[in-house]
Amino acid sequence: IQADIKGQIPVLSLPPVLFLPLIENAIKYSSETENPFIHLVWTFKGNHLIFRIENSYLSEGSRIQGTKIGIDNLCKRLNLSKIEYKLDIDTSIPNTYISQLELWMLPINV
């Protein structure tokens, strides 16, 4: 597991355990690969946050059947919190799953 933080970290108000569904998915799916990896990157730009997580996964032959409940619940929580967001999923690189969550208009605590 590799984690990077880019930019100046402001004191933001975020819903508790916001990133947990994406991190849980990364752990679950990368654990069944021969060479598991997880790379987390948080990029801060004022009240704009980009969270990107890349992980290994088996594009074919996985024993795990995804339900998308964690992702759906994450989006519902963000909708309820009134935080503007965009969630992109990219599987164009073989055996690499990339989730990128962008958050805007985050309340900054002073």
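Reading the values: the criteria
- Residues numbered from 1 in each chain as written.
- Predicted model: local features only at pLDDT ≥ 70, side-chain atom pairs only at ≥ 80, totals over all residues.
- Heavy atoms only, no water.
- Helix = DSSP H or I, 4+ residues; strand = E, 2+ residues; numbered from the N terminus.
- Contact = heavy atoms within 4.5 Å.
- Buried < 20%, exposed > 50% of the residue type's maximum accessible area, 1.4 Å probe, protein only.
- Phe/Tyr/Trp six-rings, centres within 6.5 Å; stacked < 30°, edge-to-face > 60°.

A few words on the side chain of Asn55. Mapped onto the elements of the fold, Asn55 is located in strand E3 (residues 48–56). In contact with Asn55, other than residues within four places in its own chain, are Ala26, Tyr29, Ser30, Phe37, Ile38, Asn95, Thr96 and Tyr97.

By the element assignment, Asn47 lies in the loop between strand E2 (38–45) and E3. Residue class for Asn47 comes out partly exposed when judged on its relative accessible area of 28%. Considering only alpha carbons, one finds Asn47 and Pro10, 37 residues apart in sequence, at a separation of 7.7 Å.

Attention now moves to the packing of aromatic side chains. Enumeration over the complete set of coordinates arrives at four aromatic pairs. On the numbers, 4.9 Å between centres and 40° between planes, the contact of Trp42 with Phe51 is tilted. When sorted by exposure, Trp42 lands in the same class as Phe51, which is buried. Judged by centre distance (5.6 Å) and plane angle (80°), the ring pair of Tyr57 and Tyr97 falls under edge-to-face. Of the two residues, Tyr57 is situated in the loop between E3 and helix H2 (69–81) and Tyr97 in strand E5 (residues 96–104); the sequence distance between them amounts to 40 residues. Accessibility expressed as a relative area gives 15% for Tyr57, which makes it buried.

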